[in-house]
Amino acid sequence: MFMEFLRNNKIAAGLLTILRVYLGWSWMTAGWGKVTGDFNAGGYLNGVVANEAVATQYPTYHAFIENFALPNAGLFSFMVAWGELLVGIGLILGVLTTAAAFFGIMMNFAFMFAGTISSNPWMVLLTVFILAAGYNAGRIGGDHWVMPYIKETVFKGKFSKTVDQAA
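Bear in mind the structure is a predicted one, so any value in this text is a computation, not a measurement.

Of the regular secondary structure elements, the protein chain holds 10 helices and zero strands. By principal-axis analysis of the C-alpha atoms, the protein chain measures approximately 50 × 35 × 30 Å. The buried share of the protein chain, reckoned over its 167 residues, is 37%. Taking the intrachain contacts of the protein chain between residues at least 6 apart in sequence as the baseline, contacts between residues at least 24 apart amount to 74%. Carbon and sulfur atoms form 71% of the exposed surface of the protein chain, whose accessible area is close to 9800 Å². Taking the 9 positively charged and 8 negatively charged side chains of the protein chain as two groups, their mean positions are separated by 16 Å.

Let us now look at helix 2 (residues 10-36). The terminal C-alpha atoms of helix 2 lie 37 Å apart, and with 27 residues this matches the ideal 39 Å at 1.5 Å per residue to within 8%. When we look at burial in helix 2, the residues that qualify are Ala12, Ala13, Leu16, Thr17, Leu19, Arg20, Leu23, Gly24, Trp27 and Gly31. Close packing links the buried residues of helix 2 with helix 1 (2-8), helix 6 (73-93), helix 7 (97-113) and helix 8 (120-133). The opening residue of helix 2, the one whose side-chain oxygen lies 2.6 Å from the backbone nitrogen of Ile11, is Asn9.

Where helix 7 contacts helix 8, the axes come no closer than 9 Å and their chain directions differ by 155°. Compared by their axis directions, helix 7 and helix 8 come out roughly antiparallel. Helix 8 is crossed by helix 7, and the crossing has left-handed handedness. Within the contact between the two elements, helix 7 uses Thr97, Thr98, Ala101, Phe102, Ile105, Asn108, Phe109, Phe111 and Met112 and helix 8 uses Asn120, Pro121, Met123, Val124, Thr127, Val128, Ile130 and Leu131. Class assignment for the residues of the contact of helix 7 with helix 8 results in 12 nonpolar, five polar and no charged.

Okay, the confidence of the model for the protein chain next. Detail in the predicted coordinates should be disregarded across regions flagged by low pLDDT. In the predicted model, the protein chain carries a mean pLDDT of 92, and 93% of its residues have values of at least 70. Taken together, the stretch residues 161-167 has pLDDT below 50 and engages in zero contacts with residues farther than four places along the chain or on a different chain.

Another point: the packing of aromatic side chains. Tallied over the full model, the rule gives 11 aromatic pairs. Through a chain of ring-to-ring contacts, three or more aromatic side chains come together here, namely Tyr58, Tyr61, Phe64, Phe68, Phe76, Phe109 and Phe113. Over the aromatic face of Phe39 sits the side chain of Lys34, whose NZ or CZ is 5.4 Å from the ring centroid.

Moving on: unusual backbone geometry. One non-glycine residue, Leu96, lies in the positive phi region at around 50°. On the basis of relative accessibility, which here comes to 41%, the residue Leu96 falls in the partly exposed class. Of note, the phi angle at Ser118 is positive, near 45°, even though the residue is not glycine. When you line up the elements, Ser118 lands in the loop between helix 7 and helix 8.

Reported here for the largest pocket is a volume of approximately 660 Å³. Along the walls of the largest pocket sit 29 residues, with Val80, Glu84, Met107, Ala110 and Phe111 positioned nearest its centre. When residues of the lining of the largest pocket are traced back to their parent elements, those giving at least two are helix 2, helix 3 (42-50), helix 5 (59-69), helix 6, helix 7 and helix 8.

About the cut-offs
Residues numbered from 1 in each chain as written. Predicted model: local features only at pLDDT ≥ 70, side-chain atom pairs only at ≥ 80, totals over all residues. Heavy atoms only, no water. Helix = DSSP H or I, 4+ residues; strand = E, 2+ residues; numbered from the N terminus. Buried < 20%, exposed > 50% of the residue type's maximum accessible area, 1.4 Å probe, protein only. Contact = heavy atoms within 4.5 Å. Areas by Shrake-Rupley, 256 points an atom, 1.4 Å probe, with all protein chains shown as cover. Lys, Arg positive; Asp, Glu negative; His and termini not counted. Charge placed at Lys NZ, Arg CZ, Asp CG, Glu CD. Expected span 1.5 Å × (residues − 1). Polar contact = N/O pair within 3.5 Å; in protein donor to acceptor, adjacent residues only side chain to side chain. Axes fitted to C-alpha atoms, helices over the stretch in contact; angles between N-to-C directions. Parallel < 35°, antiparallel > 145°, perpendicular 65-115°, else oblique. Left-handed = near helix turned anticlockwise from the far one by under 90°. Nonpolar A, V, L, I, M, F, W, Y, C, P; charged D, E, K, R; others polar. pLDDT = per-residue confidence, 0-100. Phe/Tyr/Trp six-rings, centres within 6.5 Å; stacked < 30°, edge-to-face > 60°. Lys NZ or Arg CZ within 6 Å of the ring centre and 35° of its normal. 1 Å grid on protein atoms, 1.4 Å probe; cavity = no way out; pocket = protein on both sides within 12 Å on 5 of 7 lines; lining within 4 Å. Points joined across faces, edges and corners; volume = space filled by probe spheres on them.

Written out as structure tokens, the structure is:
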């Protein structure tokens, strides 16, 4: 019943828009500061490697940071800065909303695995509602026009037919 409300109700779409814009603003401002500033994730990644709790609780993630992310700190700096900015813009505009929310929640989890708590758990909780709502989260936004276009041009209408047949 709650999922029906979340995924199809116009009032839910309005509430999700507020939630989406709030999260988008958080992501966009964080990313903008990094993109326009002199952001370097190297220090952060060194801190993750030095964190014993990360090494003992998440040894695979620790190995990934130590052996791949840290040697490629420049690439990760670029990806984090632009990823945060683009997730924020996508959420604010409501364009490719579920994709933006997915990549946002993935970054939140990566930050939490690294030992950073900050606002990440709160953002994960709010993002779960956006992901669960699916299309309805971006209905009052660019997805209202973008998603039908994608279904017709990229999937040549096959996606809509498959969904309709499943129902």
